[in-house]
Amino acid sequence: MDTEGFYRRPLPPPSISFASPQGRQIFQEAIALGGMEGYFPLAEQFHTQSEPAFCGLGTLVMVLNALSIDPGRIWKGVWRWYGEEFLECCQPLSAVKNQGITFDEFVCLARCNGAKVQPYRYDQSNLQEFREAVKQATFLPQGLHLVVSYSRQVVGQTGDGHFSPVGGYHPERDLVLLLDVARFKYPPHWVPLTVLWNALQPIDTATGKCRGYIPVVSLSR
C-alpha cells in the first residue's frame, strides 16, 4: 500500500459528521421540522469534485443538475448532462485546476450556464439575512439552492477557501448541513450557522474581498 498522501482528515469540532449517530439524529429531527426540503434533489446529484481545486466547479455541477438545467450539450453517449469539463466559460480549466475559482467567477459560471443568482458577500448582508436565505433554500420545495463560499480555517478544518452546497437546516439547533464535494477530505457535516456565517468574513487574498453566499435558481423558475 502506498502510504504517501492522505486518506481523508478527521472531522474536527464543532462540525458533526452526517453519518454519525448524532448526525443521523439531527437529520431525522430536521426532516420533521421541515428543514430538509432542499436536501433530496441535491442528494440525488451528490458529486465528488474531480480535482483538488475544483470545489467550486463540483458544487456548481451538483446544483445545476439538481435544478434540472439542461446544458444543451452532449456529455457522453447521447446524454446531455453537466460535468465539470463544461464549466469553462469564465476561466480556462487549466487555470482552475491550479488555483480554483473566486466568488465572482462562481457567479459568472452559474449565470452563463442557465442559472439565476443573487450573490451576497459578508459585508453586504448580516446574520439574520443569512439565516433567512438558509431557510428559503432548505424549507422550500425544489427549485432554489444555496451555495456558501467560506474559509475552512474558521470552522477548524485544514485548507482555506472552499465552496459547498447547503443541504439542510435544523432550526431549533441552528445547524446547517454542508454537502462537502471534497468527500476525499471531509464527509458531509453539520456546522453551527453562526460559525458558518463567521467563516464568510475572512478576506480572500486572491480578490481582496470577503466571501459570501449565493442563492441559485433556474432561469425558467
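Residues numbered from 1 in each chain as written. Predicted model: local features only at pLDDT ≥ 70, side-chain atom pairs only at ≥ 80, totals over all residues. Heavy atoms only, no water.

Engineer: Before we move on, could you go through the layout of surface pockets and cite the residues and values that matter?
Structural biologist: In this structure, the largest pocket occupies an estimated 270 Å³ of space. Lining of the largest pocket is provided by 16 residues; of these, Gln99, Gly100, Ile101, Thr102 and Asp204 occupy positions nearest its centre. Elements that contribute at least two residues to the lining of the largest pocket include exactly helix 5 (103-111) and strand 7 (161-170). The element contributing the most residues to the lining of the largest pocket is strand 7, with three residues. Tallied by class, the residues present in the lining of the largest pocket amount to six nonpolar, seven polar and three charged. In this structure, the second largest pocket occupies an estimated 200 Å³ of space. As for the second largest pocket, its lining consists of Gln49, Pro52, Ala53, Cys55, Arg152, Gly159, Asp160, Gly161, His162, Ala182, Phe184 and Lys185. In terms of residue class, the lining of the second largest pocket is made up of five nonpolar, four polar and three charged. (1 Å grid on protein atoms, 1.4 Å probe; cavity = no way out; pocket = protein on both sides within 12 Å on 5 of 7 lines; lining within 4 Å. Points joined across faces, edges and corners; volume = space filled by probe spheres on them. Helix = DSSP H or I, 4+ residues; strand = E, 2+ residues; numbered from the N terminus. Nonpolar A, V, L, I, M, F, W, Y, C, P; charged D, E, K, R; others polar.)

Engineer: Before we move on, could you go through helix 6 (residues 127-139) and cite the residues and values that matter?
Structural biologist: Given a rise of 1.5 Å per residue, 13 residues ought to cover 18 Å, and the 18 Å separating the end C-alpha atoms of helix 6 matches this to within 8%. Turning to helix 6, its buried residues are Phe130, Arg131, Ala133, Val134, Ala137 and Thr138. End-on view of helix 6: buried residues confined to an arc of 160 degrees, all on one side of the axis. Where helix 6 is buried, its residues contact strand 6 (144-151), strand 7, strand 8 (175-178), helix 7 (193-198) and strand 12 (212-218). Sitting at the head of helix 6, Asn126 places a side-chain oxygen 3.1 Å from the backbone nitrogen of Gln128. (Expected span 1.5 Å × (residues − 1). Buried < 20%, exposed > 50% of the residue type's maximum accessible area, 1.4 Å probe, protein only. Arc of directions from axis to C-beta. Contact = heavy atoms within 4.5 Å. Polar contact = N/O pair within 3.5 Å; in protein donor to acceptor, adjacent residues only side chain to side chain.)

Engineer: Give me the state of the cysteines: which residues, what numbers.
Structural biologist: Cysteine pairs can be linked by a disulfide, which is a covalent bond between their two sulfur atoms. According to the stated counting rule, one finds two disulfides in the structure shown. Here Cys89 connects covalently by a disulfide to Cys112, the sulfurs 1.8 Å from one another. With Cys89 in the loop between strand 3 (79-80) and helix 4 (93-99) and Cys112 in the loop between helix 5 and strand 4 (115-117), this pair connects stretches of sequence that are 23 residues apart. The class for Cys89 is partly exposed, based on a relative accessible area of 44%. Here Cys90 connects covalently by a disulfide to Cys108, the sulfurs 2.0 Å from one another. Its S-S torsion of approximately -85 degrees makes the covalent link between Cys90 and Cys108 left-handed. (Disulfide = S-S within 2.5 Å.)

Engineer: Could you give me a rundown of the pairing of strand 6, with the residues and numbers involved?
Structural biologist: Look at any regular strand and the pattern is simple: side chains alternate between the two faces of the sheet. Across the eight residues that make up strand 6, a large majority, eight, are buried. Here strand 6 shows two buried faces, one formed by Leu144, Leu146, Val148 and Tyr150 and the other by His145, Val147, Ser149 and Ser151. Sheet topology note: the strand 6/strand 7 ladder contains five bridges and is antiparallel. Within the sheet, the bridge partner assigned to Tyr150 lies in strand 7 and is His162. (Pairing = 2+ DSSP bridges.)

Engineer: Run through the packing of aromatic side chains, naming residues and quoting values.
Structural biologist: Evaluation of the coordinates by the stated rule reveals 10 aromatic pairs. Between the aromatic rings of Phe18 and Tyr39, the centroid separation amounts to 5.9 Å while the plane-to-plane angle is 40 degrees, which identifies the pairing as tilted. Here Phe18, found in the loop between strand 1 (16-17) and helix 1 (21-33), pairs with Tyr39, found in helix 2 (residues 39-44); they are 21 residues apart in sequence, far enough to count as distant. As far as burial versus exposure is concerned, Phe18 and Tyr39 are alike and both buried. With a centroid separation of 5.1 Å and an interplanar angle of 15 degrees, the aromatic rings of Phe106 and Phe163 are classed as stacked. Of the two residues, Phe106 sits in helix 5 while Phe163 sits in strand 7, which places them 57 residues apart along the sequence. Comparing Phe106 with Phe163 shows no difference in burial state: the two are buried. Pairwise contacts between aromatic rings join Tyr120, Tyr122, Phe130, Trp197 and Tyr213 into one cluster. The ring of Phe6 is capped by Arg9, whose NZ or CZ atom sits 4.0 Å from the centre of that ring. Its guanidinium or amino end placed over the ring of Phe46, Arg183 lies 4.1 Å from that ring's centre, counting from NZ or CZ. (Phe/Tyr/Trp six-rings, centres within 6.5 Å; stacked < 30°, edge-to-face > 60°. Lys NZ or Arg CZ within 6 Å of the ring centre and 35° of its normal.)

Engineer: I'd like a description of unusual backbone geometry, backed by residues and values.
Structural biologist: Cis peptide bonds are those with omega within 30 degrees of zero, and the linkage from Pro13 to Pro14 qualifies with 10 degrees. Note on placement: Pro14 falls in the segment before strand 1. With a phi angle near 65 degrees, Arg8 is a residue other than glycine that sits in the positive phi range. Mapped onto the elements of the fold, Arg8 is located in the segment before strand 1. A relative accessible area of 32% places Arg8 in the partly exposed class. Of note in this structure, Asp174 is not a glycine but carries a positive phi near 55 degrees.

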